[in-house]
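The lines below spell out each chain.
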Amino acid sequence: MNPSHSFPTQSPDAEYEQFLREGHFMIQRSASSGAYVFYPRVAEPVTGAMDLTWVKASGKGTVYSATVIRPRSPAQAYNVCLIDLEEGPRMMSRVDGIAADAVQIGMSVTARIVQEGDKPLVVFFPLEGNAA
C-alpha cells in the first residue's frame, strides 16, 4: 500500500496504527501551514486547519527527557522518554538497545517499529557512537 494513502473512514489513531502495521512511521503535516503534527488528530492544534495529510517521518530524533522506571523484581528497569522528532513534534516513547539508565538528554536516536503483544509501536535506538 502507498503510505501517502488516506483512510477517510477511520479515526486518525486508527490510520496511524494501520501505517505502523504496514511498517511505515507516519506523522501528519498541515498543507496550509507546513507544520508537522504528532499525536494524530483531525485538526492542527495551533491554527485549527483541517488540511492534515500523512507524510513519512524521517525516524531521526533527539532525547528531550528521560525517566527510569524501576518496577519490583524480577521485572527489568525501563525508560520513558520524550523524543523531539527531526520534523519538530515531540513524542513519548522509550529508548531500547542500551541500559534504561544510560539514556542521556541530547542523545541522537532513530525510530523502529516493534510489535508488542498485538500492537505495533515506535521505539527508539541510539545512533552509532551514542551507546553509553
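Structural notes, computed from the coordinates. (Residues numbered from 1 in each chain as written. Predicted model: local features only at pLDDT ≥ 70, side-chain atom pairs only at ≥ 80, totals over all residues. Heavy atoms only, no water.)

Thoughts on the pattern of salt bridges
Per the stated rule, a full pass over the model turns up five salt bridges. With its nearest N and O atoms 2.8 Å apart, the salt bridge here joins Asp-96 to Arg-94. Each of the salt bridges in this network shares a partner with another, and the network as a whole consists of Glu-17, Arg-21 and Lys-119. (Salt bridge = Lys/Arg side-chain N within 4 Å of Asp/Glu carboxyl O.)

Brief notes about the packing of aromatic side chains
In total, this model carries four aromatic pairs according to the counting rule given. Judged by centre distance (5.4 Å) and plane angle (70°), the rings of Tyr-16 and Phe-38 are edge-to-face. Here Tyr-16 is found in helix H1 (residues 12-21), whereas its partner Phe-38 is found in the loop between strand S2 (36-37) and strand S3 (52-56), with 22 residues between them in sequence. Across the pair, Phe-38 and Tyr-16 agree in class, each one buried. Positioned over the ring face of Tyr-64 is Arg-90, at 3.4 Å from the centre of the ring. The ring of Phe-125 is capped by Arg-112, whose NZ or CZ atom sits 3.9 Å from the centre of that ring. (Phe/Tyr/Trp six-rings, centres within 6.5 Å; stacked < 30°, edge-to-face > 60°. Helix = DSSP H or I, 4+ residues; strand = E, 2+ residues; numbered from the N terminus. Buried < 20%, exposed > 50% of the residue type's maximum accessible area, 1.4 Å probe, protein only. Lys NZ or Arg CZ within 6 Å of the ring centre and 35° of its normal.)

A word on unusual backbone geometry
The amide bond that connects Phe-38 to the next residue, Tyr-39, takes the cis arrangement and shows omega of 15°. In the segment running from Ser-73 into Pro-74, the intervening peptide bond is cis, with an omega of 15°. Inspection of the secondary structure assignment puts Pro-74 in the loop between strand S4 (60-69) and strand S5 (78-85).

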